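One-letter residues, chain by chain:
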Amino acid sequence: MRFRHPDGSTVHLAYCTNVHPAETLDGVLAQLRDHCEPVRRRLGRDRLGIGLWLARDAAHALVTDPSALRGLRTELEHRGLEVVTLNGFPYEGFGAEEVKYRVYHPDWADPERLAHTTDLARVLAQLLPDDVTEGSISTLPLAWRTAYDQERATAAHTALTTLAERLDALHELTGRSLRIGLEPEPGCTVETTRDALAPLTAIGHDRIGICVDTCHLATSFEDPHTALDALAQARVPIVKSQLSAALHAEHPHLPEVRAALAAFDEPRFLHQTRTLTAAGLRGTDDLGEALAGDALPDASPWRAHFHVPLHAAPAAPLTSTLPVLRAALTRLVGGPHPLTHHLEVETYTWQALPPELRPRARAQLVDGIAAELTVARDLLTDLGLKELP
């Protein structure tokens with residue numbers, strides 16, 4: 001979906017296909033047929049943006065087989081889909097029964113991460129629509145915080161610098177300008193936007209910036225305006241923003257609130273949980289750990305890294321951080337010029353929701369994704385952007 005900003009520039013809105021995990025190119029093609037095109041039709045649009053997730057094997061197949069890459073582009077066009085952004089965070093296995101800490105490997109100190117992201121950039125350069133010259137790729141924020149020492153930090157810095165040089169060369173070769181955004185996430189070396197300032201300033205290349213995920217921003221209790229103003233002041237480019245909402249519990253000391261939270265404690269994904277105390281931010285690596293005894297202070301609200309559907313906040317006594325998303329979006333695209341032109345709805349946790357909230361059929365998932373995109377569309381038009389055909 002495309003929108004015209006009052007300054008005349010185009011803002012792209014997509015939804016991320018990591019909600020339909022597939023490890024192979026055949027699986028990706030099936031996603032386009034079974035999910036993405038039906039979402040487009042449900043919205044009544046001639047064109048729909050998707051934030052494509054390509055696992056290692058799928059990306060490698062595309063970059064080593066030009067005919068396969070041409071075939072994917074043809075399939076996208078045939079189904080009324082376009083790609084300006086990729087989700088390069090998960091490497092493989094995102095559809096496994098247990099993902100948890102595995103999603104952070106390989107990190108930016110490992111050569112495999114540089115190789116995979118280079119593959120993604122080469123693929124994206126060929127998938128961009130003919131009238132689009134700029135693409136974006138989000139990636140993990142350097143590494144999970146444990147076992148990340150100075151040696152690995154130096155290796156990660158070198159890898160990202162090398163990637164920037166490769167992106168420069170790709171621009172010269174193809175005319176397509178691609179940028180990478182580190183995506184701050186609770187528990188990682190770069191947990192907040194503030195944590196991103198030092199490493200990104202040290203790299204000092206405009207092709208390496210930040211991806212602002214509004215669920216992660218909210219989970220870490222960052223104020224959107226303060227965070228985005230600091231990025232602008234430091235001249236850190238906001239490569240893209242993922243529009244998502246976290247789980248919010250206003251009174252976590254109450255038994256009924258803990259019972260409601262327990263329904264979201266599931267075995268597949270990591271749900272880092274945070275609370276803001278007088279001494280600063282406190283947290284646990286997972287929701288179950290927070291609920292066990294007194295691992296986390298409960299005198300103040302809790303937020304958990306659980307991407308809840310934008311159009312359907314959890315039932316009381318829980319809610320979502322949709323107001324944080326709204327505030328962030330106002331700052332991102334509501335001013336005289338957009339701070340980013342790439343927006344992506346990223347709710348990948350549909351099948352991790354409590355059983356009674358999960359879509360029971362493919363059509364229900366299509367309905368849910370379309371409803372989320374409708375919420376995002378309405379937020380953009382309320383800010384003065386005009387939806388384009």
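Before reading on, note that the structure itself is shown above.
Report on the accompanying structure. If you're wondering where the values come from, they're calculated on a predicted model, not measured in any experiment.

**Some points on the pairing of strand β11 (residues 280-284)**
Here's step 1: Where strand β10 (residues 273-277) meets β11, five bridges bridge the pair, whose relative direction is antiparallel. Along β11, the bridge assignment pairs Thr277 with Gly280.
Here's step 2: Connecting the antiparallel pair β10 and β11 is a turn made up of two residues.

**Thoughts on the side chain of Glu183**
Here's step 1: Tracing the sequence through the fold places Glu183 in the loop between β6 (177-182) and α6 (193-203).
Here's step 2: Despite its burial, Glu183 pairs with no opposite charge; the closest candidate is Lys240, at 6.6 Å N-O.
Here's step 3: Discounting residues that sit within four places of it in the chain, Glu183 has contacts with Phe89, Ser138, Thr139, Leu140, Pro141, Cys211, Asp213, His216, Gln242 and Glu346.

**As for the sheet that holds β11**
Here's step 1: The sheet built from five strands is open, its strands ordered β11-β10-β12-β9-β13 with antiparallel pairing. Strands at the two margins of the open sheet, each flanked by one partner only, are β11 and β13 (318-320). The mean inter-strand angle of the sheet, taken between neighbouring strand axes irrespective of direction, is 30 degrees.
Here's step 2: In this sheet, β13 lies alongside strand β9 (residues 245-249) in antiparallel orientation, the contact comprising three bridges. Counted as the bridge partner of Leu247 is Ser320 from β13.

**Describing the nonpolar core**
Here's step 1: In this structure, Leu13, Tyr15, Ile50, Leu52, Leu54, Trp108 and Leu373 are the most contacted members of the largest nonpolar core, which totals 112 residues.
Here's step 2: Those residues in contact with Leu54, other than ones at most four positions away along the chain, are Val28, Ala59, Leu62, Asn87, His116, Leu120 and Val123.
Here's step 3: One finds Ala218, Ala227, Val324 and Ala328 within the second-largest nonpolar core, a separate group that totals five residues.

**Structural notes on helix α12 (residues 362-382)**
Here's step 1: Over its 21 residues, α12 runs 30 Å from end to end, which matches the ideal 30 Å to within 8%, given 1.5 Å per residue.
Here's step 2: Here α12 has its buried residues at Leu365, Val366, Gly368, Ile369, Ala370, Glu372, Leu373, Ala376, Leu379 and Leu380.
Here's step 3: Once α12 finishes, Gly384 follows within two positions and takes phi at roughly 100 degrees, a positive value.

**Thoughts on the packing of helix α2 (residues 56-64) against helix α3 (residues 66-78)**
Here's step 1: Relative orientation of the contacting elements α2 and α3 amounts to 110 degrees, with a least axis distance of 5 Å. On the basis of their axis angle, the class for α2 and α3 is roughly perpendicular. Residues Ala61, Leu62 and Thr64 of α2 form the contact with α3, whose own contacting residues are Pro66, Ala68, Leu69 and Leu72.
Here's step 2: Within the contact of α2 with α3, the residues separate by chemical class into six nonpolar, one polar and no charged.

**A word on the environment of Arg326**
Here's step 1: Relative to the assigned elements, Arg326 resides in helix α11 (residues 322-333).
Here's step 2: Given a relative accessible area of 40%, Arg326 falls into the partly exposed group.
Here's step 3: For the pair Arg326 and Leu379, spaced 53 residues apart in sequence, the C-alpha to C-alpha distance is 7.4 Å.

**Considerations on unusual backbone geometry**
Here's step 1: The omega angle of the peptide bond from His105 to Pro106 is -10 degrees, so this bond is cis rather than trans.
Here's step 2: Within the secondary structure layout, Pro106 lies in the loop between β4 (81-87) and α4 (111-127).
Here's step 3: Even without a glycine there, the phi angle at Ala147 is positive, about 60 degrees.
Here's step 4: Mapped onto the elements, Ala147 comes out in the loop between β5 (134-139) and α5 (150-174).
Here's step 5: In this structure Ala147 comes out as exposed when scored by relative accessible area, which is 67%.
Here's step 6: Here the phi dihedral of Phe221 falls at roughly 55 degrees; this positive angle occurs in a residue that is not glycine.
Here's step 7: Assignment of secondary structure puts Phe221 in the loop between α7 (214-219) and α8 (224-233).
Here's step 8: Judged by relative accessible area, Phe221 falls into the buried class, the value being 19%.

**Topic: the packing of aromatic side chains**
Here's step 1: Applying the stated rule across the entire model yields eight aromatic pairs.
Here's step 2: Ring plane angle 45 degrees and centroid distance 5.2 Å describe the contact between Phe94 and Phe269, whose orientation is recorded as tilted. Placement of Phe94 in the loop between β4 and α4 and of Phe269 in the loop between α9 (255-262) and β10 is noted, with a sequence separation of 175 residues between them.
Here's step 3: Relative accessible area serves as the criterion here: at 5%, Phe94 is assigned to the buried category.
Here's step 4: By relative accessible area, which is 4% here, Phe269 ends up buried.
Here's step 5: An aromatic cluster is built from Trp53, Phe94, Phe269 and Tyr348, whose rings are joined through pairwise contacts.
Here's step 6: Of note, Arg303 hangs over the ring of Phe221, and the distance from its end group to the ring centre comes to 4.4 Å.

Calculation rules
- Residues numbered from 1 in each chain as written.
- Predicted model: local features only at pLDDT ≥ 70, side-chain atom pairs only at ≥ 80, totals over all residues.
- Heavy atoms only, no water.
- Pairing = 2+ DSSP bridges.
- Helix = DSSP H or I, 4+ residues; strand = E, 2+ residues; numbered from the N terminus.
- Buried < 20%, exposed > 50% of the residue type's maximum accessible area, 1.4 Å probe, protein only.
- Lys, Arg positive; Asp, Glu negative; His and termini not counted.
- Salt bridge = Lys/Arg side-chain N within 4 Å of Asp/Glu carboxyl O.
- Contact = heavy atoms within 4.5 Å.
- Axes fitted to C-alpha atoms, helices over the stretch in contact; angles between N-to-C directions.
- Core = buried A, V, L, I, M, F, W, Y, C linked by side-chain atoms within 4.5 Å.
- Expected span 1.5 Å × (residues − 1).
- Parallel < 35°, antiparallel > 145°, perpendicular 65-115°, else oblique.
- Nonpolar A, V, L, I, M, F, W, Y, C, P; charged D, E, K, R; others polar.
- Phe/Tyr/Trp six-rings, centres within 6.5 Å; stacked < 30°, edge-to-face > 60°.
- Lys NZ or Arg CZ within 6 Å of the ring centre and 35° of its normal.

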